[in-house]
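What the coordinates show
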Amino acid sequence: MTHDHLAAPDRGASRPFGRLLTAMVTPFTDDGSLDLDGAVRLATHLVDEQGNDALVLNGTTGESPTTTDAEKETLIRAVVEAVGDRARIVAGVGTNDTRHTIELAASAEKAGAHGLLVVTPYYNKPPQSGLLRHFTAVADATGLPIMLYDIPHRAGVAIATDTLVRLAEHGRIVAVKDAKGDLTATSWVLSRSDLAFYSGEDALTLPTLAVGGVGLVGTSTHFIGAPAKQLIEAYDAGDTATALALHRRLLPLFTGIFRTQGVILVKAGLAAKGLPAGPVRPPLADATADELAQLRADCAAAGLELPE
């Protein structure tokens, strides 16, 4: 069986990873160990029921700070085997150590990932020259297409416009997960490069599309992937009225999923729906009864019923 949308992305591809991606949580068993069967079931649900073109594994929403390198590789292998024939699997490999990031990239490539998500090195706050060197070294060390992840409020440093434009010259750096929240900066990069920009903030999907973005790497899309994709497709088709109506309808959950750290509420909501999730690992803390009640209210406001 062939899947045209899984053809290797080229430099001119406008959507190297499709329209809709979800940064998937990593299901754990009750004792906190990796739940591979649950991960396969969840990935299948996200692709076949929620319409995701790709899944991001081992990102922050996948609790990457607390999963081991071996767990990361095992997870990629299982999910690629389950849904890799009909969705791209993008592996989060970014750390604040260039050598370790290259090791994770090699491991992900060996495990069958179709692309890599590489976050800005966090905490050690490198200068722009260091960011350029870091991302280039990772891109040089892999054969996979790379999505940069620009999220200054977590990393402590933004990828500057000029740095992004220079990185776009690398044949394997094809996309950006944009969580900078600065649409002016995004516009400048888009006007000077052919990078594909994916909103890294659910609620900024429509504004990002309006300045030339191509899609969303979402968190609330564990639950509202189908209408979020419909929003993107409506905008693409020139039906901005429908896209705006969907933006407004989904806004309560686009934002509500982040009332606390996103994975906490995603896992609580998945458990309520009878989908694999399990507990979070420390230092995160599982959702309280009040947080779950608020999530139910946010879901209801977005037109989604979350079972009691």
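Computed from a predicted model, the values in this text were never measured in an experiment. (Residues numbered from 1 in each chain as written. Predicted model: local features only at pLDDT ≥ 70, side-chain atom pairs only at ≥ 80, totals over all residues. Heavy atoms only, no water.)

Some details on the confidence of the model for the protein chain
Residue-level pLDDT values for the protein chain average 95, and 96% of them are 70 or greater. Contacts from residues 1-13, a stretch scored under 50 in pLDDT, to residues over four places away or in other chains number 23 contacts. (pLDDT = per-residue confidence, 0-100. Contact = heavy atoms within 4.5 Å.)

Observations regarding the packing of helix H9 (residues 221-236) against helix H10 (residues 240-256)
In the contact formed by H9 and H10, the axes pass within 8 Å of each other and the chain directions differ by 155 degrees. Comparing their axes, H10 and H9 come out roughly antiparallel. H10 is crossed by H9, and the crossing has left-handed handedness. Residues Phe223, Ile224, Pro227, Ala228, Gln230, Leu231, Ala234 and Tyr235 of H9 pack against Thr240, Thr242, Ala243, Leu246, His247, Arg249, Leu250, Leu253 and Phe254 of H10. Taken together, the residues of the contact of H9 with H10 sort by class into 12 nonpolar, 4 polar and 1 charged. (Axes fitted to C-alpha atoms, helices over the stretch in contact; angles between N-to-C directions. Helix = DSSP H or I, 4+ residues; strand = E, 2+ residues; numbered from the N terminus. Parallel < 35°, antiparallel > 145°, perpendicular 65-115°, else oblique. Left-handed = near helix turned anticlockwise from the far one by under 90°. Nonpolar A, V, L, I, M, F, W, Y, C, P; charged D, E, K, R; others polar.)

Considering the pattern of salt bridges
Under the counting rule described, the total for this entry stands at 12 salt bridges. Among the salt bridges present, the one from Arg15 reaches Asp236, with a minimum N-O distance of 2.7 Å. One end of the pair, Arg15, is in the segment before strand S1 (20-23); the other, Asp236, is in helix H9, and 221 residues separate them in sequence. The partly exposed category is assigned to Arg15, whose relative accessible area is 24%. Residue classification places Asp236 among the partly exposed positions, given a relative accessible area of 34%. (Salt bridge = Lys/Arg side-chain N within 4 Å of Asp/Glu carboxyl O. Buried < 20%, exposed > 50% of the residue type's maximum accessible area, 1.4 Å probe, protein only.)

A word on the sheet that holds strand S5 (residues 146-150)
Pairing in this closed barrel of 8 strands is parallel, and the strands run S1-S2-S3-S4-S5-S6-S7-S8 around the ring. Within the sheet, the average angular offset between the axes of one strand and its neighbour, ignoring direction, is 25 degrees. Bridge analysis of strand S7 (residues 196-199) against strand S8 (residues 215-218) gives 2 bridges, and the strand direction is parallel. Each residue of the ladder has a partner; that of Tyr198, found in S8, is Gly215. Sheet strands in contact with helix H2 (residues 69-83) are strand S2 (54-57) and strand S3 (88-92), and its direction is about 170 degrees off that of S2. (Pairing = 2+ DSSP bridges.)

Some remarks on the pairing of S5
Where a strand is regular, its side chains alternate between the two sheet faces. Across the 5 residues of S5, 5 count as buried, placing the element largely inside the fold. Of the two faces of S5, both are covered, the one formed by Ile146, Leu148 and Asp150 as well as the one formed by Met147 and Tyr149. As paired strands, strand S4 (residues 115-119) and S5 are joined by 4 bridges and run parallel to one another. From the neighbouring strand, Leu116 faces S5, where its bridge partner is Ile146. Following the backbone out of S4, through helix H4 (residues 128-140) and into the adjacent parallel S5, one traces a crossover that is right-handed. Alignment of S5 against strand S6 (residues 173-178), held across 5 bridges, turns out to be parallel. Across the sheet, residue Ile146 finds its bridge partner in S6, namely Ile173. (Right-handed = clockwise from strand over helix to strand, strands pointing away.)

A closer look at the pairing of S4
Along S4, 5 of the 5 residues are buried, which leaves the element largely enclosed by surrounding structure. Burial of the side chains of S4 extends over both faces: Gly115, Leu117 and Val119 are buried on one face and Leu116 and Val118 on the other. Pairing between S3 and S4: 3 bridges, direction parallel. Paired with Ala91 across the strands is Leu116, a residue of S4. Read as a crossover between parallel neighbours, the route from S3 over helix H3 (residues 98-111) to S4 is right-handed.

Considerations on helix H12 (residues 289-301)
Residue pairs three or four apart in sequence face the same way in an α-helix, which turns once every 3.6 residues. Along its 13 residues, H12 runs 19 Å from first to last C-alpha, staying within 8% of the 18 Å computed at 1.5 Å per residue. Looking only at H12, the buried set comprises Leu295, Arg296, Asp298 and Cys299. Projected onto a plane normal to the axis of H12, the buried residues spread over an arc of 165 degrees and lie on a single side. Turned more than 90 degrees off the buried face of H12, the exposed positions are Ala289, Asp290 and Ala300. Each element contacted by the buried residues of H12 is listed here: H10 and helix H11 (262-272). (Expected span 1.5 Å × (residues − 1). Arc of directions from axis to C-beta.)

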